[in-house]
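One-letter residues, chain by chain:
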Amino acid sequence: MLLYKIARRILFSMNPETAHAVTLANLDWAVNFGVTNLITHMPDDDPVEVMGLRFPNTVGLAAGMDKDGKHVTAFGGLGFGHVEIGTITPLAQPGNPKPRLFRLIPAGGIVNRMGFNNEGVDKVLENLRSADAFRLRGGILGINIGKNAVTPIENALSDYEKCLDKVYDAADYIAVNISSPNTKNLRQLQGKGELDHLVEGIVKKREELKAARNGKHVPIAVKIAPDLENDEILRCGDALIANGIDGVICTNTTIGRKGVEGLDHANETGGLSGAPLRERSTEVVRLVADHVKGAIPIIASGGVMTGADAVEKIEAGAQLVQLFTGFIYNGPKLVADSVEAVAGTLSTIDSSTIILTRFECCHSRRVCFLWGCRHANFCCFSIAERTESGP
């Protein structure tokens, strides 16, 4: 941890976007030559099945860190069970004007207004040779897709369809970003009519792609904002389930500034991530989990700064956890800490003494998901009761 504190001091002396570029430029060789072993270690596998995929562990890298998919295996070498690249768009775009990335160090937060800067889907697919070794050893690759800034919001579906078509064969799962605050009008796609239209179109496109590939099913998850009212969040969850979406990512960054008032850069336009987002993000996870009752898996993203925060997300009802800002502030060791904290919590569940019923499933999110995902490879909603003999 001391070595990373020294490294962080150097990186935090730089402009945030420069520090990010320096980190990525040196990540591959640092992992390949074992330098990162001085500050962390590879956690043991602790596999879970989510969206029909076997994840080596519960902890992944959120979209936004490796936007262009150039360093997937290197991030996998830090212990991530899944790496979500992007957000990528049909055409390359520069994103919003700089400066567009700001640290709120006293609060453990970051404000960004990057604006989907990326090299475009065709170039990113070339870059994804970086994922070969990671996937060969069982790592899961997610590709996060969005719309170009120049595309009118009423034509957004076309951009998502173009990305879906191109990344379908390269992705283990696809994440649909409709909740970034940094692309004009994007969050309108979470509206009632807009969301139904979008997800219906995306699922229809997937059915066409499946038919052309002998039924190959690539799961799709949709990432939602924490700033929606609670009833709107539940409406979004219902719409995703009704239209056959495979997962929901809770949550994107927030435009709120609760807990950071008065800090330098707190008033910058953009999405706030990190510790100030933790409470609301976990609240959304719990809200969705209690409402959907196992009908759709939840990937928790937002404010995971410690292993205990990762456990909190799982206990709130998530099946997977993603890191971003916590990884920047606390370094690669956070990956192993989070994997091991979650594994340690789950191992305290003794399957020989748990009795599950439909009633318990409806009112005990944690038991339902832990048994379903880790012991039986299916959800306990499928039967009326499990007895002490286990599945």
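The shown structure was predicted, so the numbers you read here are calculated from the model rather than taken from an experiment.

Q: Before we move on, could you go through the overall build of the protein chain and cite the residues and values that matter?
A: Across its full length, the protein chain carries 14 helices and 15 strands. The 391 residues of the protein chain split such that 57% are buried. Put simply, 72% of the contacts in the protein chain that link residues at least 6 apart link residues at least 24 apart. Roughly 16100 Å² of accessible area belongs to the protein chain as shown, and the carbon and sulfur atoms make up 54% of that amount.

Q: Kindly report on the environment of Leu272, identifying the contributing residues and their values.
A: By the secondary structure assignment, Leu272 is in strand β11 (residues 271–274). Judged by relative accessible area, which is 1%, Leu272 ranks as buried. Separated by 160 residues in the primary sequence, Leu272 and Asn112 place their C-alpha atoms 6.8 Å from one another. Apart from the residues within four sequence positions on either side, Leu272 is in contact with Leu104, Gly109, Ile110, Val111, Thr253, Thr254, Gly256, Arg257, Val260 and Leu277.

Q: How would you sum up the pattern of salt bridges? Please name residues and give values.
A: Tallying each qualifying case throughout the model produces 16 salt bridges. Across the salt bridge formed by Glu119 and Lys70, the nearest N and O atoms sit 2.9 Å from each other. Here the residue Glu119 occupies a position in the loop between β6 (109–112) and α4 (121–127), and Lys70 occupies one in the loop between β3 (59–61) and α3 (72–76), the gap between them amounting to 49 residues. Residue classification places Glu119 among the partly exposed residues on the basis of a relative accessible area of 28%.

Q: Give a detailed account of the sheet that holds strand β12 (residues 298–301), specifying residues and quantitative values.
A: Around the barrel, eight strands lie side by side as β3-β4-β7-β8-β9-β10-β12-β13; this closed barrel has parallel pairing. Between one strand axis and the next, the sheet turns through 25° on average, direction left out of account. Pairing geometry for β3 and strand β13 (residues 320–323), over three bridges, is parallel. In the strand pairing of β13, Gly60 is matched with Gln322.

Q: Outline a nonpolar patch on the surface, listing residues and values.
A: Taken together, the side chains of Leu2, Leu3, Ile6, Ile10, Trp29, Phe33, Val35 and Leu38 make up a nonpolar region of the molecular surface, amounting to roughly 860 Å² of accessible area. Per-element accounting of the nonpolar patch gives the leading share, four residues, to helix α1 (residues 2–11). Locating Trp29 in the fold gives a position in helix α2 (residues 16–32).

Q: Describe the sheet that holds β11, naming the residues involved and giving the relevant values.
A: Sheets are built from strands paired through backbone hydrogen bonds, the pairs being either parallel or antiparallel. One open sheet holds the three strands; their spatial order is β5-β6-β11, and the pairing between them is antiparallel. Each edge of the open sheet is held by one strand with a lone partner, namely β5 (101–104) and β11. Neighbour to neighbour, the strand axes of the sheet diverge by 25° on average, direction disregarded.

Q: How would you explain unusual backbone geometry if you had to name every residue and give the values?
A: With an omega of -5°, the peptide bond running from Lys98 to Pro99 counts as cis. When you line up the elements, Pro99 lands in the loop between β4 (82–88) and β5. Looking along the chain, the bond that leaves Cys250 and enters Thr251 is cis, with omega of 15°. With respect to the helices and strands, Thr251 occurs in the loop between β10 (247–250) and β11. One non-glycine residue with positive phi stands out, namely Phe116, at about 55°. With respect to the helices and strands, Phe116 occurs in the loop between β6 and α4. The phi torsion at Lys293 lies on the positive side, around 50°, for a residue other than glycine.

Q: Lay out the packing of helix α8 (residues 230–242) against helix α9 (residues 278–292) in plain terms, naming residues and giving numbers.
A: Between α8 and α9, whose axes approach to 10 Å, the crossing angle comes to 50°. Taken together, the axis directions place α8 and α9 in an arrangement best described as oblique. Handedness of the α8/α9 crossing: right-handed. The segment α8 lies against α9, with Asn230, Ile233, Leu234, Asp238 and Ile241 engaging Arg280, Glu283, Val284, Leu287, Val288, His291 and Val292. A per-class count over the contact of α8 with α9 returns seven nonpolar, two polar and three charged.

Cut-offs used in this document
Every chain begins its residue count from 1, and numbering advances along the sequence as written. At least 70 in pLDDT is required for a residue's local features to be given in this predicted model, at least 80 for side-chain atom pairs to be given and counted, and no such filter applies to totals for whole chains, interfaces and linings, which use all residues. To obtain the side-chain values, all non-hydrogen atoms of the structure were included, while hydrogens and water were left out. Numbered from the N terminus, helices here are DSSP runs of H or I no shorter than four residues, and strands are runs of E no shorter than two. Each residue is assigned to one of three classes by its accessible area relative to the maximum for its type, calculated with a 1.4 Å probe on protein chains only: buried under 20%, partly exposed between the two thresholds, exposed over 50%. Residue contacts are counted whenever heavy atoms from the two residues lie within 4.5 Å of one another. Where accessible areas are quoted, they stem from the Shrake-Rupley method and a 1.4 Å probe; at the residue level, only the protein chains shown are allowed to cover. By definition here, a salt bridge exists when the distance from a side-chain nitrogen of Lys or Arg to a carboxyl oxygen of Asp or Glu is within 4 Å. At least two DSSP bridges between two strands are required for those strands to pair. Here the axes come from fitting lines to C-alpha atoms, over the contacting stretch only for helices, and the angles between their N-to-C directions go from 0 to 180 degrees. Residues qualify for a patch when their relative accessible area is over 30% and they have no salt bridge, like charges being joined within 9 Å and the nonpolar side chains of Val, Leu, Ile, Met, Phe, Trp and Tyr within 5 Å. For classification purposes, an angle smaller than 35 degrees is called roughly parallel, one larger than 145 roughly antiparallel, one from 65 to 115 roughly perpendicular, and anything else oblique. With the far helix as reference, a near helix turned anticlockwise by less than a right angle produces a left-handed crossing, and one turned clockwise produces a right-handed crossing. Only Asp, Glu, Lys and Arg are considered charged in this grouping, and only Ala, Val, Leu, Ile, Met, Phe, Trp, Tyr, Cys and Pro are considered nonpolar; every other residue, Gly among them, is considered polar.

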